[in-house]
Amino acid sequence: MQRIDSTAQQINKHSADIVLLSEYWTGEKGVELQKHLREYGYVVNSNGEPKQNHLLFASRYPFEVLLSSYQREKNKEQWLEIKLTLQDLYILGIHIPVRINKESRNFG
């Protein structure tokens, strides 16, 4: 979990008001990252199921997750719409996966 601790510390060190992470997994390490972010004062939300890439949104300001205009059941975890309530600011997070075929994985 040292990598997760270090990642959370770096996010806090940068004092970002808003953090959007893609390729986030909810499993044990993801839960630990969320715990650290909450301890640093972030409100946190993620939009996917365990063991699948999705988005994690963290903010130092209150927000609400909006019903998405992206109506497809497939790949909905790649789309996250947020509204910062006090600032009346709309944020759209999109994860665009890179498709790599098996031949291109061989770098040798």
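Overview of the structure.

Scoring rules and cut-offs
- Residues numbered from 1 in each chain as written.
- Predicted model: local features only at pLDDT ≥ 70, side-chain atom pairs only at ≥ 80, totals over all residues.
- Heavy atoms only, no water.
- Phe/Tyr/Trp six-rings, centres within 6.5 Å; stacked < 30°, edge-to-face > 60°.
- Buried < 20%, exposed > 50% of the residue type's maximum accessible area, 1.4 Å probe, protein only.
- Helix = DSSP H or I, 4+ residues; strand = E, 2+ residues; numbered from the N terminus.
- Expected span 1.5 Å × (residues − 1).
- Arc of directions from axis to C-beta.
- Contact = heavy atoms within 4.5 Å.
- Pairing = 2+ DSSP bridges.
- Axes fitted to C-alpha atoms, helices over the stretch in contact; angles between N-to-C directions.

The next subject is the packing of aromatic side chains. All told, the structure shown has one aromatic pair when counted by the stated rule. With centroids separated by 4.8 Å and ring planes inclined at 85°, the aromatic side chains of F57 and F63 adopt a geometry described as edge-to-face. Classification of F57 by relative accessible area gives buried; the value is 1%. Classification of F63 by relative accessible area gives buried; the value is 15%.

Relative to the 16 Å expected for 12 residues at 1.5 Å per residue, helix α2 (residues 28-39) spans 17 Å between its end C-alpha atoms, a close match to the ideal helical length. Inspection of α2 places G30, L33, Q34, H36 and L37 among the buried residues, and these make up the whole buried set. Projection of α2 onto a plane perpendicular to its axis shows the buried side chains occupying an angular sector of 160°, all on one side. Facing away from the buried side of α2, by more than 90 degrees, are the exposed residues E28 and E39. Where the residues of α2 are buried, they touch α1 (2-13), β1 (18-24), β2 (43-46) and β3 (54-59). Residue G41 follows α2 closely and has a positive phi angle near 100°.

Within the open sheet, the three strands sit side by side as β1-β3-β2. Their pairing is antiparallel. Two strands close off the open sheet at either side, each with one partner strand: β1 and β2. Neighbouring strand axes in the sheet, compared pairwise and without regard to direction, differ in orientation by 15° on average. Relative to β3, β1 runs antiparallel, the two being bridged by five bridges. Bridging across to β3, L21 finds its partner in L56. Of the strands in this sheet, β1, β2 and β3 touch α2, which is tilted by about 175° from β1.

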